[in-house]
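# Chains, contacts and geometry: an overview
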Amino acid sequence: MSTNFRNADDESAQRLRNVRSAIDTACAQAGREPSAVALLAVSKTWPALDVQRMALAGQRQFGENYIQEGVDKIVAVRDALQTELPDAVLVWHCIGPIQSNKTTLVAQHFDWVHSVDRLKIAQRLSDQRPAGMTPLQVCVQVNVDGAQTKSGVALAEATELARQVAQMPRLQLRGLMCIPDPRPDGSAPTEAFATAAALYQSWQDLGLGVDTLSMGMSADLSEAVAAGSTMVRVGTALFGQRTYAAS
Ligand SMILES: *Cc1c(COP(=O)(O)O)cnc(C)c1O
């Protein structure tokens, strides 16, 4: 291993420690156990090598937005880690919009999907999930702040979709995911987080068996944890600033 590679590993480990400690601090402030909040490392746009470094630093759960990019990375990272981390089980989450023609790739390669926002997609994912794999773990993406331009099922229709997902043989409903719009003044979207938390609680009360409230990103993870998030999705704070190439 070259010196540069080693330094990059150290940097990944340091960033991972920093983010984990920000989560732990937010948990302590909210009177919650640190183990109640999982960290999903959002590796979109970053090459497989960066994922490998995070995996060597101890991170196991990774999130991807672009399906083909994610699938390529899942395969590349698995091959690359076979010698270095033979026993590591990485868990891959699809967190980006899903077109109908991409559902097969998602069903065949990912462990989780956070971005199910309509029945047709859920149905296709269930139909296409290979029999030899565990059921696909699903969060329903909810448009909690009612933004016009956004993906996510409308708040009023979210519970019905969750019930339908819970019935599908090859899907396991785990909870809900939201991506509130940032507020004009740059503050955290605390009202939207509260709306999501209330909906999540209502699903628990209905006996839907959910255990995952996927909300919070680099800029607002503390507020999300305070509102009850059980999984924060962090990209920039772990990997650095993304530059978007067409992908
Ligand atoms: C990119 C992305 C993230 C991570 O955002 P950062 O601000 O880089 O932490 C989280 N969730 C989703 C759905 C994303 O697309």
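I will try to describe carefully the structure that is included in this document. Computed from a predicted structure; not experimentally measured.

### So, the site of the ligand
Near the ligand you find V42, K44, N65, I95, I179, M217, S218, R233, V234, G235, T236 and R242, and these make up its full shell. Between the ligand and K44, the relevant distance is 2.7 Å, taken from an oxygen atom to a side-chain nitrogen or oxygen of the residue. With the chains in place, 89% of the 390 Å² that the ligand exposes on its own is no longer accessible. A breakdown of the residues in the shell around the ligand according to their chemical character gives 5 nonpolar, 4 polar and 3 charged.

### A look at the environment of L238
Its location among the elements puts L238 in helix 9 (residues 236-239). Take L238: its relative accessible area is 1%, and that puts it in the buried class. Here the alpha-carbon distance between L238 and E11, two residues 227 residues apart in the chain, equals 9.4 Å. If near-sequence neighbours (up to four positions away) are discounted, L238 is found in contact with R15, L16, V19, L39, A41 and M54.

### Brief notes about the packing of aromatic side chains
Per the counting criterion, the structure on display carries 2 aromatic pairs. Relative to F239, the ring of W46 lies with its centre 6.2 Å away and its plane at 20°, an arrangement referred to as stacked. Highlighted residues: W46 in the loop between strand 1 (38-42) and helix 2 (48-56) and F239 in helix 9, separated in sequence by 193 residues. The residues W46 and F239 share a single accessibility class, namely buried.

### Concerning unusual backbone geometry
The backbone phi angle of T45 is positive, close to 75°, even though this residue is not glycine. Inspection of the secondary structure puts T45 in the loop between strand 1 and helix 2. Owing to a relative accessible area of 26%, T45 belongs among the partly exposed residues under this scheme.

### A few points about the packing of helix 2 against helix 3 (residues 67-84)
Running from N to C, helix 2 and helix 3 cross one another at 45°; their axes reach a closest spacing of 9 Å. By the angle between their axes, helix 2 is oblique relative to helix 3. Pair helix 2 / helix 3 crosses with right-handed handedness. Residues A48, V51, Q52, A55 and L56 of helix 2 lie in contact with helix 3, whose contacting residues are K73, A76, V77, A80, L81 and E84. Residues belonging to the contact of helix 2 with helix 3 are distributed by class as follows: 8 nonpolar, 1 polar and 2 charged.

### So, helix 2
Structurally, the α-helix is built with 3.6 residues per turn, so residues lying three or four positions apart point the same way. The element helix 2 is extensively covered by neighbouring structure, given that 7 of its 9 residues are classed as buried. Residue G58 follows helix 2 closely and has a positive phi angle near 115°.

### Quick notes on the pairing of strand 3 (residues 91-94)
Pairing between strand 2 (residues 61-64) and strand 3: 4 bridges, direction parallel. For Q61, the partnering residue across the bridge sits in strand 3 and is V91. Each parallel crossover has a hand, and the one from strand 2 via helix 3 to strand 3 is right-handed. Here 2 bridges tie strand 3 to strand 4 (residues 112-116), and the two strands are oriented parallel to one another. Each bridged residue has a counterpart across the sheet, and for C94 the counterpart in strand 4 is V113. Taken together, strand 3, helix 4 (residues 103-109) and strand 4 constitute a β-α-β crossover, and its handedness is right-handed.

### Topic: the nonpolar core
By size, the foremost hydrophobic cluster in this structure holds 65 residues, and its most contacted members are F62, L125, V140, V142, V165, W203 and L238. At 7 residues, the largest contribution of residues to this core is made by helix 7 (residues 190-205). Apart from residues no more than four positions distant in its own chain, W203 is found in contact with V140, V142, A158, T159, A162, G175, L176, L208 and V210. Counting 7 residues, the second-largest nonpolar core is a separate cluster that includes L40, V42, C139 and M177.

### Comments concerning helix 5 (residues 119-128)
Along helix 5, the residues that are buried comprise I121, A122, L125 and S126. An end-on view of helix 5 places all buried positions within 130° of arc, on one side of the element. Turned more than 90 degrees off the buried face of helix 5, the exposed positions are K120 and D127. The elements touched by buried residues of helix 5 are helix 4, strand 4, strand 5 (136-143), helix 6 (155-167) and strand 7 (171-177).

Scoring rules and cut-offs
- Residues numbered from 1 in each chain as written.
- Predicted model: local features only at pLDDT ≥ 70, side-chain atom pairs only at ≥ 80, totals over all residues.
- Heavy atoms only, no water.
- Near = heavy atom within 4 Å.
- Polar contact = N/O pair within 3.5 Å; in protein donor to acceptor, adjacent residues only side chain to side chain.
- Areas by Shrake-Rupley, 256 points an atom, 1.4 Å probe, with all protein chains shown as cover.
- Nonpolar A, V, L, I, M, F, W, Y, C, P; charged D, E, K, R; others polar.
- Helix = DSSP H or I, 4+ residues; strand = E, 2+ residues; numbered from the N terminus.
- Buried < 20%, exposed > 50% of the residue type's maximum accessible area, 1.4 Å probe, protein only.
- Contact = heavy atoms within 4.5 Å.
- Phe/Tyr/Trp six-rings, centres within 6.5 Å; stacked < 30°, edge-to-face > 60°.
- Axes fitted to C-alpha atoms, helices over the stretch in contact; angles between N-to-C directions.
- Parallel < 35°, antiparallel > 145°, perpendicular 65-115°, else oblique.
- Left-handed = near helix turned anticlockwise from the far one by under 90°.
- Pairing = 2+ DSSP bridges.
- Right-handed = clockwise from strand over helix to strand, strands pointing away.
- Core = buried A, V, L, I, M, F, W, Y, C linked by side-chain atoms within 4.5 Å.
- Arc of directions from axis to C-beta.

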